[in-house]
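Listed here are the chains, written in short residue letters.
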Amino acid sequence: MKKVKSSNLKTKGKQVLPANTNNWKKIITCTLAVVGIILLGVLGLMYDARISKEERESELAHINANFEYGTGIITDLKSYKGHSVHIQYKIGVNTYSQSTGWDTNPKQLKVGDSILFRYAVDSPQLIVSELQNAY
């Protein structure tokens, strides 16, 4: 049996505990706190993704209710770590600049090319481009 030096012991009532017991409690508490923070972050991202999807579906329903077609110019096209396309277009006397995602690019469109889109007549800032599946 191994002898424990009295300097490494803490007394609690009649029990004698090693001094590093508090260290284990701190480690477990910190671990649980980190896991809790990560869990809250993941849940927050899931909630945000659901809200974004609902907003996009609402915008698409609004566009589909009363739309017209338009043509714009691609000012930026990104395909690394997500797909986004920036489109500049003119409706009436107003010029708009909109950024949307894209799903496919069968025509291999690039910056400076013309792009077709549908827009909501009463809200021209809401568009669906030809690069999106919903087009």
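Residues numbered from 1 in each chain as written. Predicted model: local features only at pLDDT ≥ 70, side-chain atom pairs only at ≥ 80, totals over all residues. Heavy atoms only, no water.

Asker: Honestly, the side chain of Thr100 in this entry has me stumped. Any pointers?
Answerer: Here Thr100 lies in strand 5 (residues 94-101). For Thr100, a relative accessible area of 10% puts it in the buried group. The residues contacting Thr100, other than those within four sequence positions of it, are His83, Ser84, Val85, Ile127, Ser129 and Gln132. (Helix = DSSP H or I, 4+ residues; strand = E, 2+ residues; numbered from the N terminus. Buried < 20%, exposed > 50% of the residue type's maximum accessible area, 1.4 Å probe, protein only. Contact = heavy atoms within 4.5 Å.)

Asker: How should I be thinking about the pattern of salt bridges in this particular structure?
Answerer: Pairing is possible between side chains that carry opposite charge, provided their charged atoms lie close to one another. Applying the stated rule across the entire model yields three salt bridges. The partner of Glu59 in a salt bridge is Arg56, with the nearest N and O atoms 2.9 Å apart. With a gap of three residues between them, Glu59 and Arg56 both fall in helix 1 (residues 21-65), about one helical turn apart. Classification of Glu59 by relative accessible area gives partly exposed; the value is 29%. Under the relative-accessibility criterion, Arg56 is labelled partly exposed at 28%. Residue Asp76 pairs with Lys78 through a salt bridge whose shortest N-O separation is 3.7 Å. (Salt bridge = Lys/Arg side-chain N within 4 Å of Asp/Glu carboxyl O.)

Asker: Could you clarify how one ought to interpret the pairing of strand 5 in this entry?
Answerer: On a regular strand, each side chain points to the face opposite its neighbour's, so the side chains alternate between the two faces of the sheet. In the sheet, strand 4 (residues 84-91) pairs with strand 5 via eight bridges, with the strands oriented antiparallel. From the neighbouring strand, Val85 faces strand 5, where its bridge partner is Thr100. (Pairing = 2+ DSSP bridges.)

Asker: Help me understand the packing of aromatic side chains in this model?
Answerer: Centre-to-centre distance and the angle between the planes together describe a pair of aromatic rings. Tallying each qualifying case throughout the model produces five aromatic pairs. When the ring of Tyr89 is compared with that of Phe117, the centres are 4.6 Å apart and the planes differ by 55 degrees; the resulting orientation is tilted. Of the two residues, Tyr89 sits in strand 4 while Phe117 sits in strand 6 (residues 114-120), which places them 28 residues apart along the sequence. Across the pair, Phe117 and Tyr89 agree in class, each one buried. Considering the side-chain rings of Phe117 and Tyr119, the 6.1 Å spacing of their centres and the 55 degrees angle between planes classify their relative orientation as tilted. Ring pairs connect the aromatic residues Tyr89, Tyr96, Phe117 and Tyr119, which therefore count as one cluster. (Phe/Tyr/Trp six-rings, centres within 6.5 Å; stacked < 30°, edge-to-face > 60°.)

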